[in-house]
Amino acid sequence: MSTPKKAHEVHPHIFLSDWNNVNLSLVKGEGIYQYDVQGNKFIDSCSGAVNASLGYGREDMAEVLKKQAMELGYLTRFTSVPPILDECSNMLSEYTGMERFFLTSGGSEAVEMAVRIAKGYWAHKGKPTKNKIVSRWLSYHGNTYATACFGGNLARKNDMSAYAMDEGHINAPTCYHCPYGLTEDACNFECANELEDFLINKGATNYAAFLFEPIGGTTTAAMRPPKGYLKRIKEICDKYELLLLADEVLAGFGRAGKPKSIDWYDIKPDIAAMAKCMSGGYFPVGAVATSPRIDELYKEVGHYYSGFTWAGNPMACAVTIETMKIMEKENMMENINTQGEYLKQQLIDLRSKHQLLGDVRGEGLLIGFELVKDHDTRTCLPNEEQALGKFMRNGFANGVILEAASGKMKRGVEGDAILLAPYYGITREETDELLERLDKIFYDTEAQIQF
Ligand code: PLP
């Protein structure tokens, strides 16, 4: 294990709570494994930042990058639309069911563009006051100025910059810790009904869109809304003329077992942002995707000004195309759902051995679990226990890199969770190896916690 060292970078220490925690110095990867400078081997249980979905060290991806770099490494979209961008957008449309695509260099840019397109939509419709975005507490939508403000995770809004533009949030459907204290059979979608109250009070004439993660990511550990929740949200959006903005940056592109995570609910978004797994982890890329409704209006308007220097460049297109081809050729969607279901069920079974293990949830290879004091009463551990930090460190000690979900599942103030998101090609043997190590990590952490 590498030792902490002085560094001159500004390190985003948002997942562990002190500045002295151990960081790995990783230098090599192969499939699900990563190796540090000393040759120690780790299972990467979260595909980097939930983006390295094809696994490490793929020669075919290296070849595609090399070939495209030699042919044409860059061009600006302001003067040229290369055929490879058309090819990429056509494939993306076929894969996701969305109509038109604007490529970005990552998720925050994609969410920003989604928001701007939504606000522009109403301005062009002659309703320019409809220019605010309502989102949800506990959410994460990116780390640029605007996306940080739309986010609802208190830990990631830890300075005032992320509150400067507060357009409004409603409660998230954290069913395990229902904000209304209801059980699932008594659920009347109160947290969705909140959207209607919000719009009545704030004035729907001031709101352009509802922005949300259909299945949660790094802040809510694969939080999945109850059946019927999204239908209710959609009804309210239709009634008050709000666009539905799905942030698919993390859960989309196969991660949750469907091309878009919202596909689990048979609801079509007006605009979707996607990014992480589009390039399998081999190049920075993202996209904002629009539905025919949005597309038709902008066609009438005749132009939309948008651009980033790196947006839609041929290298990004080449890896995105290759990622979709590999996913199909290697039948990855089936593997995502088969291994994901197995991983989830095995974790549920582990609950009988581990008091610390609370809710287990998610879809596909996006599985979250909570760390609790008592899973019968769903009581959270006090923050002073630093359970997440302990669990992460025990992960490193047992050769597993984990993703801490920093959302604080209960009202944003307490409740720890871990997010598992291994690469799409994970085998049964690798899944079992991960589970075996998790079992040990639970024992090690439980020994360090006062229940
Ligand atoms: N939206 C969601 C749901 C995310 O999980 C993230 C990143 O974690 C983003 C947006 C921002 O993406 P990026 O880090 O690529 O800017």
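A quick note: this is a predicted structure, and the numbers were derived from the prediction, not measured.

Draft legend 1. Geometry of the overall build of the protein chain. Within the protein chain, the regular secondary structure consists of twelve helices and 16 strands. Radius of gyration (C-alpha) of the protein chain: 22 Å, near the 22 Å computed for a compact globule of 451 residues. The C-alpha extent of the protein chain, read off along each of the three principal axes, is 65 × 55 × 45 Å. Every one of the 451 residues in the protein chain was classed for burial, and the buried ones make up 48%. Taking the contacts inside the protein chain whose residues are at least 6 apart along the sequence as the reference set, 72% of them involve residues at least 24 apart.

Draft legend 2. Geometry of the packing of helix α10 (residues 332-350) against helix α12 (residues 428-446). Contact geometry for α10 and α12: axes closest at 11 Å, N-to-C directions at 25°. It follows from the interaxial angle that α10 and α12 lie roughly parallel. In this structure, the crossing between α10 and α12 has a hand that is right-handed. Across the interface between the two elements, Gln339, Tyr342, Leu343, Gln346 and Leu350 of α10 pack against Arg428, Thr431, Leu435 and Asp439 of α12.

Draft legend 3. Main features of the site of the ligand. Residues in close proximity to the ligand total 14 residues, the closest being Gly106, Gly107, Ser108, Val249 and Leu250. A per-element tally of the shell around the ligand places helix α4 (residues 107-124) first, with three residues. Tallied by class, residues from the shell around the ligand come to five nonpolar, seven polar and two charged.

Draft legend 4. Representation of the pairing of strand β1 (residues 26-30) in the model. Bridge analysis of β1 against strand β2 (residues 33-36) gives four bridges, and the strand direction is antiparallel. Residue Glu30 lies in a different strand from β2, and its bridge partner there is Tyr33.

Draft legend 5. Focus on the sheet that holds β2. Ordered in space as β1-β2-β3-β14, the four strands form an open sheet in which the pairing is mixed. Where the open sheet ends on each side, the last strands, each with one partner, are β1 and β14 (400-401). Pairing between β2 and strand β3 (residues 41-44): three bridges, direction antiparallel. Following the sheet pairing, Gln34 is matched in β3 by Phe42.

Draft legend 6. Region of interest: the sheet that holds strand β8 (residues 243-247). With respect to topology, seven strands assemble into an open sheet ordered β4-β10-β9-β8-β7-β5-β6, the strand pairing being mixed. Edge positions in the sheet fall to β4 (100-104) and β6 (169-170), since each of these pairs with one other strand and no more. The sheet contact formed by strand β5 (residues 132-136) and β6 spans two bridges and is parallel. Bridged to Ser135 within β6 is His169.

Draft legend 7. Spatial organisation of the pairing of strand β9 (residues 271-274). Neither face of β9 is open: one carries Ile271 and Ala273, the other Ala272 and Met274, and all of them are buried. In the sheet, β8 pairs with β9 via three bridges, with the strands oriented parallel. Its bridge partner lying in β9, Ala246 is registered against Ala272. Strand direction decides the pairing type here: β9 and strand β10 (residues 286-290), joined by four bridges, are antiparallel.

Draft legend 8. Structural context of α12. Its 19 residues place the ends of α12 27 Å apart at the C-alpha level, agreeing with the 27 Å of an ideal helix rising 1.5 Å per residue. Elements that come into contact with the buried residues of α12 comprise β3, α10, β11 (357-363), α11 (387-397) and β14.

Draft legend 9. Broad picture of the domain arrangement of the protein chain. Parsing the protein chain into structural domains produces domain 1 (26-57 + 331-446) and domain 2 (60-329). Placing a centre on the C-alpha atoms of domain 1 and another on those of domain 2 gives a separation of 25 Å. On the side of domain 2, 34 residues touch domain 1, which itself brings 38 residues to the contact. Residue assignment for the side of domain 1 that touches domain 2 shows that the elements contributing at least two residues are α1 (47-50), α10, β11, β12 (366-374), β15 (403-405) and β16 (416-420). Residues of the side of domain 1 that touches domain 2, tallied by class, amount to 16 nonpolar, 13 polar and nine charged.

Draft legend 10. Spotlight on the environment of Leu92. Of note, Leu92 is situated in helix α3 (residues 83-96). The class for Leu92 is buried, based on 24 C-beta atoms found within 10 Å. Sequence-wise, Leu92 and Ala222 are 130 residues apart; in three dimensions their C-alpha atoms are separated by 24 Å. Ignoring any residue separated from it by four or fewer positions in sequence, one finds Leu92 in contact with Phe101 and Ala287.

Draft legend 11. A look at the nonpolar core. Core analysis: the biggest nonpolar cluster contains 128 residues, and Ala114 and Phe210 have the highest contact counts within it. Counting residues per element, this core draws most heavily on α4, which supplies nine residues. Split by domain, the residues of this core number at least three in each of domain 1 (26-57 + 331-446) and domain 2 (60-329). Setting aside anything within four residues of it in sequence, one finds Ala114 in contact with Leu245, Ile271, Ala273 and Val288.

Draft legend 12. Fine view of the packing of helix α6 (residues 190-202) against helix α7 (residues 229-239). Direction vectors running N to C along α6 and α7 enclose 10°, while the axes themselves pass 9 Å from each other. Taken together, the axis directions place α6 and α7 in an arrangement best described as roughly parallel. Residues Ala192, Leu195 and Glu196 of α6 lie in contact with α7, whose contacting residues are Tyr229, Arg232, Ile233 and Ile236. Grouping the constituent residues of the contact of α6 with α7 by class yields five nonpolar, no polar and two charged.

Draft legend 13. Region of the structure containing the confidence of the model for the protein chain. Overall, the predicted model of the protein chain reaches an average pLDDT of 93, with 95% of residues at or above 70. Note on residues 16-20: pLDDT under 50 across the span, and seven contacts to partners over four residues away in sequence or across chains.

Draft legend 14. Just unusual backbone geometry, in detail. The backbone of Ser47 sits at a positive phi, close to 45°, despite the residue not being glycine. The topology assignment puts Ser47 in helix α1.

Draft legend 15. Structural detail: the environment of Thr129. Within the secondary structure, Thr129 sits in the loop between α4 and β5. A residue is classified by how many C-beta atoms lie within 10 Å of it, and Thr129, with 12 of them, is exposed. Sequence-wise, Thr129 and Ala204 are 75 residues apart; in three dimensions their C-alpha atoms are separated by 9.5 Å. Setting aside chain neighbours within four positions, we find Thr129 in contact with Thr205 and Asn206.

The rules we used
- Residues numbered from 1 in each chain as written.
- Predicted model: local features only at pLDDT ≥ 70, side-chain atom pairs only at ≥ 80, totals over all residues.
- Helix = DSSP H or I, 4+ residues; strand = E, 2+ residues; numbered from the N terminus.
- Rg over C-alpha atoms; globule rule 2.2 N^0.38 Å.
- Buried ≥ 20, exposed ≤ 12 C-beta atoms within 10 Å, placed from the backbone.
- Contact = placed C-beta atoms within 7 Å.
- Axes fitted to C-alpha atoms, helices over the stretch in contact; angles between N-to-C directions.
- Parallel < 35°, antiparallel > 145°, perpendicular 65-115°, else oblique.
- Left-handed = near helix turned anticlockwise from the far one by under 90°.
- Near = placed C-beta within 6 Å.
- Nonpolar A, V, L, I, M, F, W, Y, C, P; charged D, E, K, R; others polar.
- Pairing = 2+ DSSP bridges.
- Expected span 1.5 Å × (residues − 1).
- Domains from an automatic or database assignment.
- Core = buried A, V, L, I, M, F, W, Y, C linked by C-beta atoms within 7 Å.
- pLDDT = per-residue confidence, 0-100.

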